[in-house]
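# Understanding the architecture of this molecule
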Amino acid sequence: MIEFDNVSKVYGGHPAVTDLNLSIGQGEFVVLIGPSGSGKSTTLRMINRLVEHDRGRIRFAGREIRDFKPEDLRRRMGYAIQSVGLFPHWTVEKNIATVPRLLAWPKDKIRARVHELLELLQLPHAEFAKRYPHELSGGQQQRVGVARALAADPEILLMDEPFGALDPVTRIVMQRELKRIHALAGKTIVMVTHDIDEALFLASRVVLLKDGQIVQDGTPLELFSHP
Ligand code: ADP
Ligand code: ADP
């Protein structure tokens with residue numbers, strides 16, 4: 001589904017990712033872990049071309065990602081990040097509907113999908129749909145960001161610390177929800193986290209990065225039983 005072939009990225013002379021080889025199959029739940037600055041976010045963002053790689057090749061569904069328009073990639077890959085980046089002048093409803101609107105879904109279908117997602121993420125529709133981002137807590141904004149990433153039922157979910165701003169209880173609820181979505185829909189998920197417990201709970205595969213290179217790659221059990 002996603003294939004990195006000797007991929008490198010350098011920012012102004014400073015290598016962020018070096019000769020990365022990684023092949024992610026359909027339905028895998030891959031969690032990228034590693035110290036701050038080890039290249040996790042860069043790796044994730046190269047997949048949807050928010051960051052352009054310098055060397056090597058990245059393929060998605062058998063084609064080089066450079067052959068896709070970035071907008072097309074981003075419609076097919078949901079993306080949720082810690083610092084959510086909602087559009088401030090749009091309501092919650094309109095933010096969640098971003099990709100469905102781009103895809104020109106019928107209004108009724110969009111409305112139903114927004115309703116379903118808000119309820120799923122424990123933000124009752126009647127209370128939250130018409131609010132603006134500044135009328136939400138940080139944790140609520142983050143959940144709206146996750147809803148936006150899920151809205152058009154993308155083939156791939158890319159998530160960068162998506163639950164970082166949540167209180168511990170909501171975090172656990174959201175982790176369970178994501179695990180359920182993964183199990184039910186068989187989606188391919190690539191997620192960055194600092195939280196080892198989160199990685200253990202969610203991942204089918206854990207990739208440990210250090211200084212822009214993969215130092216371990218295996219199931220949670222393999223990773224933590226051979227330190
Ligand atoms: P992680 O997600 O593991 O914290 P990143 O991928 O964000 O790591 O960063 C990897 C390295 O690249 C770090 O040294 C970071 O400082 C650097 N870096 C990341 N983004 C940029 C950028 N936009 N410009 C310059 N350097 C960057
Ligand atoms: P959280 O624990 O999720 O971070 P907060 O303590 O920040 O929540 O907020 C508590 C409640 O106050 C939430 O239900 C949220 O909807 C509401 N709230 C927070 N900020 C605003 C705001 N600017 N306008 C309206 N309601 C708000």
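Residues numbered from 1 in each chain as written. Chains lettered and ligands numbered in written order. Predicted model: local features only at pLDDT ≥ 70, side-chain atom pairs only at ≥ 80, totals over all residues. Heavy atoms only, no water.

Ranked by size, the top nonpolar core spans 41 residues in total, and within it Ile 96, Met 159, Leu 178 and Met 191 carry the most contacts. Elements supplying a minimum of two residues to this core: β3 (29–33), α3 (92–96), α5 (107–120), α7 (138–150), β7 (156–160), α8 (168–185), β8 (188–192) and α9 (196–202). Considering every element that reaches this core, the biggest residue donor is α7, with five residues. With residues up to four places along the chain from it excluded, the contact list for Met 159 reads Leu 44, Ala 80, Val 146, Leu 178, Ile 189, Val 190, Met 191 and Val 192. Counting 26 residues, the second-largest nonpolar core is a separate cluster that includes Ile 24, Val 30, Ile 58 and Ile 65. (Core = buried A, V, L, I, M, F, W, Y, C linked by side-chain atoms within 4.5 Å. Buried < 20%, exposed > 50% of the residue type's maximum accessible area, 1.4 Å probe, protein only. Helix = DSSP H or I, 4+ residues; strand = E, 2+ residues; numbered from the N terminus. Contact = heavy atoms within 4.5 Å.)

When you tally the buried positions in β8, you get five out of five residues, the bulk of the element. Side chains Thr 188, Val 190 and Val 192 project from β8 onto one buried face, and the interleaved Ile 189 and Met 191 project onto a second face that is buried too. Pairing analysis gives four bridges linking β3 to β8, with the strands arranged parallel. Bridged to Phe 29 within β8 is Ile 189. As defined by bridge partners, β7 adjoins β8 across five bridges and the pair is classed as parallel. Following the sheet pairing, Leu 157 is matched in β8 by Ile 189. Between β7 and its parallel partner β8, the chain crosses via α8, and the hand of that crossover is right-handed. (Pairing = 2+ DSSP bridges. Right-handed = clockwise from strand over helix to strand, strands pointing away.)

What follows is about the site of ligand 2. Every residue lining ligand 2 is accounted for by Arg 131, His 134, Glu 135, Ser 137 and Gln 140. Within the backbone of Glu 135, one N or O atom sits 3.4 Å away from a nitrogen atom of ligand 2. Residue Gln 140 places a side-chain N or O atom 2.9 Å away from an oxygen atom belonging to ligand 2. Starting from 560 Å² of accessible surface for ligand 2 in isolation, the protein chains cover 41%. The class makeup of the residues in the shell around ligand 2 is no nonpolar, three polar and two charged. (Near = heavy atom within 4 Å. Polar contact = N/O pair within 3.5 Å; in protein donor to acceptor, adjacent residues only side chain to side chain. Areas by Shrake-Rupley, 256 points an atom, 1.4 Å probe, with all protein chains shown as cover. Nonpolar A, V, L, I, M, F, W, Y, C, P; charged D, E, K, R; others polar.)

All residues adjacent to ligand 1 are Tyr 11, His 14, Ala 16, Pro 35, Ser 36, Gly 37, Ser 38, Gly 39, Lys 40, Ser 41 and Thr 42. For ligand 1, an oxygen atom lies 3.2 Å from a polar atom in the side chain of His 14. With respect to ligand 1, the side chain of Thr 42 contributes an N or O atom lying 2.5 Å from an oxygen atom. Relative to its unbound accessible surface of 550 Å², ligand 1 loses 59% to contact with the protein. Contributing elements (two or more residues each) for the shell around ligand 1: β2 (14–24) and α1 (40–47). Looking at the shell around ligand 1 residue by residue, the class counts come to three nonpolar, seven polar and one charged.

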